[in-house]
Amino acid sequence: MATNSPTNSSIRKLNKRWGEFMIKSWLVVCSALSLITTAAIVILLVVESFSFFQNVSPSEFFFGTRWVPILEPSSFGVLPLLWGTLQVTIGAALIAIPLGLASAIYLSEYASDRMRSWVKPALELLAGIPTVVYGYFALTFITPLLRNIFPEIQVFNALSAAIVVGIMILPTIATLSDNALRAVPESLRQAAYAVGATSYEVTTRVVVPAGLSGVMASFLLAISRAIGETMAVTLAAGQTPNLTLSMFESIQTMTSYIVQISLGDTPAGGVAYQTLFAVAALLFFITLIINIISQLILERFREVYD
Amino acid sequence: MAFSSEREKLNLRKRHARARGFAFLCALVTWSSVLILGILLFQVCIDGFGWLDWEFINSFPSRFPDRAGIKSALVGTMWLISLVAAISIPVGVSTALYLEEFAAKGRLSKLIEVNIANLAGVPSIVYGILGLAVFVRYFALGRSLISGALTMSLLILPIIIIASREAIRTVPMSIRYAALSLGATRWQTTWAHVLPASFPGIMTGVILSLSRAIGETAPIIMIGALTFVAFLPAGPMDSFTVLSIQIYNWVARPQPEFHDLAAAGIIVLLAVLLLMNATAIYIRSKTERRLK
Amino acid sequence: MSMTESRTTANQGKNAVPAVLDIRDVSVLYSGKAAVKNVSCKILKNRITAIIGPSGCGKSTLLRSLNRMNDFVDGVTIEGEILFTDQNLYSSDVDPVEVRRRIGMVFQKPNPFPKSIYNNISWGPGINGYNGSMDELVERSLTQAALWEEVKDRLHESALNLSGGQQQRLCIARALAMEPQVLLMDEPCSALDPISTAHIEDLMFELKSRYTIVIVTHNMQQAARISDFTAFMEMGNLIEFGETDQIFTRPNIKRTEEYVTGRFG
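Residue and element names in this part refer to chain C. For strand β1 (residues 19-30) and strand β4 (residues 76-84), the ladder comprises 8 bridges, and the chain directions are antiparallel. Bridging across to β4, R24 finds its partner in E81. Counting the residues in the hairpin turn of β4 and strand β5 (residues 87-88) gives 2 residues, including T85, whose phi is positive at 45°.

Time to look at the packing of helix α5 (residues 131-149) of chain A against helix α6 (residues 158-182) of chain A. Residues and elements named next belong to chain A. Relative to each other, α5 and α6 sit at 130°, their axes nearing to 9 Å. Classified by the angle between their axes, α5 and α6 sit oblique to one another. Crossing hand, α5 versus α6: right-handed. Where α5 approaches α6, its residues T131, Y134, F137, A138, I142, T143 and L146 are matched on the opposing element by L159, S160, I163, V164, I167 and M168.

This paragraph deals with the packing of aromatic side chains. Two aromatic rings, taken as a pair, are described by how far apart their centres are and by the angle between their planes. On inspection of all chains with the given rule, the structure shows 24 aromatic pairs over all chains. Centre to centre, the rings of F52 of chain A and F53 of chain A are 5.2 Å apart; their planes meet at 65°, and the pair counts as edge-to-face. Note on F53 of chain A and F62 of chain A: the rings are 6.1 Å apart at their centroids and 25° apart in plane angle, and the pair reads as stacked. Exposure remark for F53 of chain A: the relative accessible area of 25% places this residue in the partly exposed category. By the ring-pair criterion, three or more aromatic residues cluster together here, those being F52, F53, F61, F62, W67, F76 and Y257 of chain A. In this arrangement the basic side chain of R64 of chain C is found over the ring face of Y177 of chain B, its NZ or CZ atom lying 5.1 Å from the centre. In this structure, R174 of chain C is placed above the aromatic ring of F113 of chain C, and the distance from its NZ or CZ to the ring centre is 4.6 Å.

Let's shift gears to the interface of chain B and chain A. Counting residues at the interface gives 70 residues for chain B and 77 residues for chain A. Taking both sides of the interface into account, the surface hidden between chain B and chain A amounts to around 6,400 Å²; carbon and sulfur atoms contribute 77%. Counting across the chain B and chain A interface gives 2 salt bridges. K110 of chain B is the partner of E299 of chain A in a salt bridge, and the nearest nitrogen-oxygen pair spans 3.8 Å. Run the count over chain B and chain A and you get 15 residue pairs in polar contact (both at pLDDT 80 or more). Counting residues per element, the side of chain B that touches chain A draws most heavily on helix α1 (residues 5-48) of chain B, at 20 residues. Considered class by class, the residues forming the side of chain B that touches chain A number 48 nonpolar, 15 polar and 7 charged.

Where empty space is left in the structure can be found by rolling a water-sized probe over the atoms. As a volume, the second largest pocket reaches approximately 1,000 Å³. Sorting the residues of the lining of the second largest pocket by element identifies α1 (18-55) of chain A, α3 (71-102), α6 (145-169) and α7 (173-181) of chain B together with α3 (96-102) of chain C as the ones contributing at least two each. Looking at side-chain class alone, the lining of the second largest pocket contains 15 nonpolar, 2 polar and 15 charged residues.

As a further point, take unusual backbone geometry. Here the phi dihedral of A140 of chain B falls at roughly 55°; this positive angle occurs in a residue that is not glycine. Secondary-structure assignment places A140 of chain B in the loop between α5 (124-138) and α6. Under the relative-accessibility criterion, A140 of chain B is labelled exposed at 58%. Phi at A146 of chain C is positive, roughly 55°, even though this residue is not glycine. Taking relative accessible area as the criterion, A146 of chain C reaches 39% and is therefore assigned partly exposed.

Parameters and conventions
- Residues numbered from 1 in each chain as written.
- Chains lettered and ligands numbered in written order.
- Predicted model: local features only at pLDDT ≥ 70, side-chain atom pairs only at ≥ 80, totals over all residues.
- Heavy atoms only, no water.
- Pairing = 2+ DSSP bridges.
- Helix = DSSP H or I, 4+ residues; strand = E, 2+ residues; numbered from the N terminus.
- Axes fitted to C-alpha atoms, helices over the stretch in contact; angles between N-to-C directions.
- Parallel < 35°, antiparallel > 145°, perpendicular 65-115°, else oblique.
- Left-handed = near helix turned anticlockwise from the far one by under 90°.
- Contact = heavy atoms within 4.5 Å.
- Phe/Tyr/Trp six-rings, centres within 6.5 Å; stacked < 30°, edge-to-face > 60°.
- Buried < 20%, exposed > 50% of the residue type's maximum accessible area, 1.4 Å probe, protein only.
- Lys NZ or Arg CZ within 6 Å of the ring centre and 35° of its normal.
- Buried area = accessible area lost by both parts, 1.4 Å probe.
- Salt bridge = Lys/Arg side-chain N within 4 Å of Asp/Glu carboxyl O.
- Polar contact = N/O pair within 3.5 Å; in protein donor to acceptor, adjacent residues only side chain to side chain.
- Nonpolar A, V, L, I, M, F, W, Y, C, P; charged D, E, K, R; others polar.
- 1 Å grid on protein atoms, 1.4 Å probe; cavity = no way out; pocket = protein on both sides within 12 Å on 5 of 7 lines; lining within 4 Å.
- Points joined across faces, edges and corners; volume = space filled by probe spheres on them.

Structure (C-alpha cells):
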C-alpha cells in the first residue's frame, strides 16, 4: 500500500549530485567555446595585424593605391582590394535589392499559399547551393553571355562577379524580407483598403514602410554576405588588384586575395604572410559592423510587433 | 464637391492599372529568380552528364580529363562530414541546451547569445584563417582532416546552436514543470522530455548546417586541403581533398574539358546535398508521426 | 498581520492533527515586487486546504513556493520559512529535488508527457530509483486516480489521446505514483468540463485519507464543497484562514464575507 515511510523523509542534500554537476560543467564548457572562438578570432587578427603594422605603416596600408605584396618593389596599399570588394558588393546589391524586395512583396502580398509553398523552397534551394557552383555558373554561363553583349569585356571581370553574387544573395533578401512583411499585422492592410487604397498603394505606402526595419536588416545581412563571399568572386573576377571604375576589367577582392596567398606556398612569418591577417582583420571588422547594425535594427523591429 | 466624379474615375483607372502592373512585375521578378535556378541546374546537367559514370566516381584525379575522377574527393567529403558531425552536434546541441534550460537569463547568457549571432555572420574565410593559425600551426595538426573538421565545426556551430535553440523553445514549459514537480533534476527533465520533443527540429537544423559544411570551399582551401590527391585518407591525421575543392580546381583551369568535369562533380555534390536534405525531411516526418 | 496569525493559531489549537507544512511569515518577491506578503498558516495532515481569492492575489505563487517550483522563475526571492517535517524548505542544505519528490503537484492545465499512459506514470518512480513492481505501481496509481478501468486496456497508447478530464486524472495518478506526503493542486479543474470536475472532486475526497492536499481554486463553491480549511487571499495578503464552514458561514473579517458572498471578485 502507498504509505509514506517516515524514515525516507529527509529532504537534506545527502550527496552532491555528481552526475548532474558533471553534465552541467560540460554544457558550460560548450557554451564558453563560442566566446573563446570570438576571442581567438579577434586576438589572432589584432596581434598578427599589429606585427604587420610594424613593417608597413598604417597610412600606406589604408591610403596606398597599389597592392603589390609579393613582388619587389612591394607596396601595401589596400585600397585596390577594398575597392574591388566594393565594386562587386555594390553591383550585387544593385541587382539583388530591387529584385529581392520585389520577390518578397510577391511572396507576402500576392502569391497564393500554394504558390508560396513552391516558390519559397525554390528560393531557399537557390540559397543553399554551394558558392563554388556559382563560380562555375559565372565562368561558363554569365561571362560568355556578357562577352556576346560587350565584346571588349575581359575573361575575368567585376561585372560577372557582381551578377553572380547578386543572384546568390537575392534569396537571402527575398526570404528575410518576406518574413518581415508577413509580420506586418493584417489589420494595417485592412485599414488602408478600407479608405479605398489599391493593392499597390497598400503595399508601397503601408506594408513596406511598416516592415522597413526588417527589410533593411535583410539588405544589410545580404551585403555583409556579399562582402565575405569568396569562391564565386575568386573564380569570376580574377586576381588582379586594380583600382578602376570599369566593371569590365579583372579585379581582386579582399577575399580572393586571401585565397590567392593561401593557395601559393607563402612561408609563415614573412610580411606577405602577415598581409593575410591584416586583410582578414579589415574584412572581419567591416562585416562585424554591418552585422551589428543589422541586429540593432532587428532588435528595434521586435520591440514594435511583439 | 470635393470628389469630382469624372476626374476621380479617370484617376482610379490609372491607379488600378498601376496596381496591376506592379503585381505583375513582382511576380515576373520572382519567377525569373526561379528560372535562374532552372537555368543553373540545366547548364550543369548539360555539361556534366556526359562525364558522369562509374569510372568518374571511382577514379582519382588526373592530368588527363578523360581519366580524372572524384574518388578521393568524395571519400574526403564523407570523412570530413562525419568528423564535423561528431564534433559539432554534441557541442552545438549542448550549448543550445545550456542557454535554454540551464543558464539564468542574465547578462552572461545575453552576451553569449549576441556573440553567437555575430559568429554566424563572420565570413567563412575568416574561419579558414583561424583554423590555419590555430589548428594547422599552433596545435600542429597539419593540413589534415582533423584540422579541416575542427575549422568547419567552428563555422557551423552558430547555425546548429541557433536552430537547436529554436527547436528547444517550441517544447511547452508545462512539460518541463510536470517532470520537475515529480522530483526530476534539470538534466533528467532535459534528457527524457525536452530533447526527445525537440529532436526533429534539432535534426533538421543539424542536417542543414552539415550541408552548408559540405558546400563550403574557402575555409578548406585556407587550411590547405590538397587539390591533387591520388590516395584515400585512412585516418583523421591524413591529408585530404573534398568535392568542393576538386570542383574549384577544375573550374579554375582554362581547358573546357575540365569545366565539364567540374559540372559532373557539381552534379555529384548536389546529389549528396539532396540526399541529406531528403534524410532531414524523412527523419522529421517519421519522428513527428511517432510523437503524435 | 499579527491578527491573522493569532487567529490561525487559535483555529489550529482545536485540532490534535499534526501540521505537515508550517508556513511562517512567507513573502514571495518577483524582481523586488511582493506577490505574497508575510503569509503564515499551517497545513494539516490528511486535510484538504483550499486557497481562494481573486485572480492575481498570489494564491498560485504561494502554492508554488510550497514545493519550490518558484525556483524556475527568474528573479524570484522568498523570505520567511516553510517548515516541512521540521526542516525549512528554503534552508541552504535542502535539496529542492528531494522536496519535489515528497510534495507533488497537479497543474492548471493537464500536462501529460507525450508518451504512453504507462510511461507517464512510471517515469517519475523510475528516475527516483523505485525498485518494486512497476506494473503494480502503475495499476495502483491509476486506480487511486479512478482512471484504471477506463485505460487498463490501452496502457501503451499515447496519453495525448485521452480526453481532458482523463488527462488530468492521469496527471494526478502520475503525482500519486511518487507517493508524496503532500499533493498541491493548482486550479486542477479550471480547464475541465463540469462532469470531469465532479470526477476529480470525488477523487479528492477519497485521497484525503492518505494524502494532505492543498488546492488553489477560483471557484468558491468548489472550495466550500471539498475543503476542510480555507485560506482567503487578496493582493498578496492572507486575509483570513480557518475551517471552511466558518469562513463561508461566519467569516470574522468583512472583506472575506464580501468575497464569499460574491460581492466582489
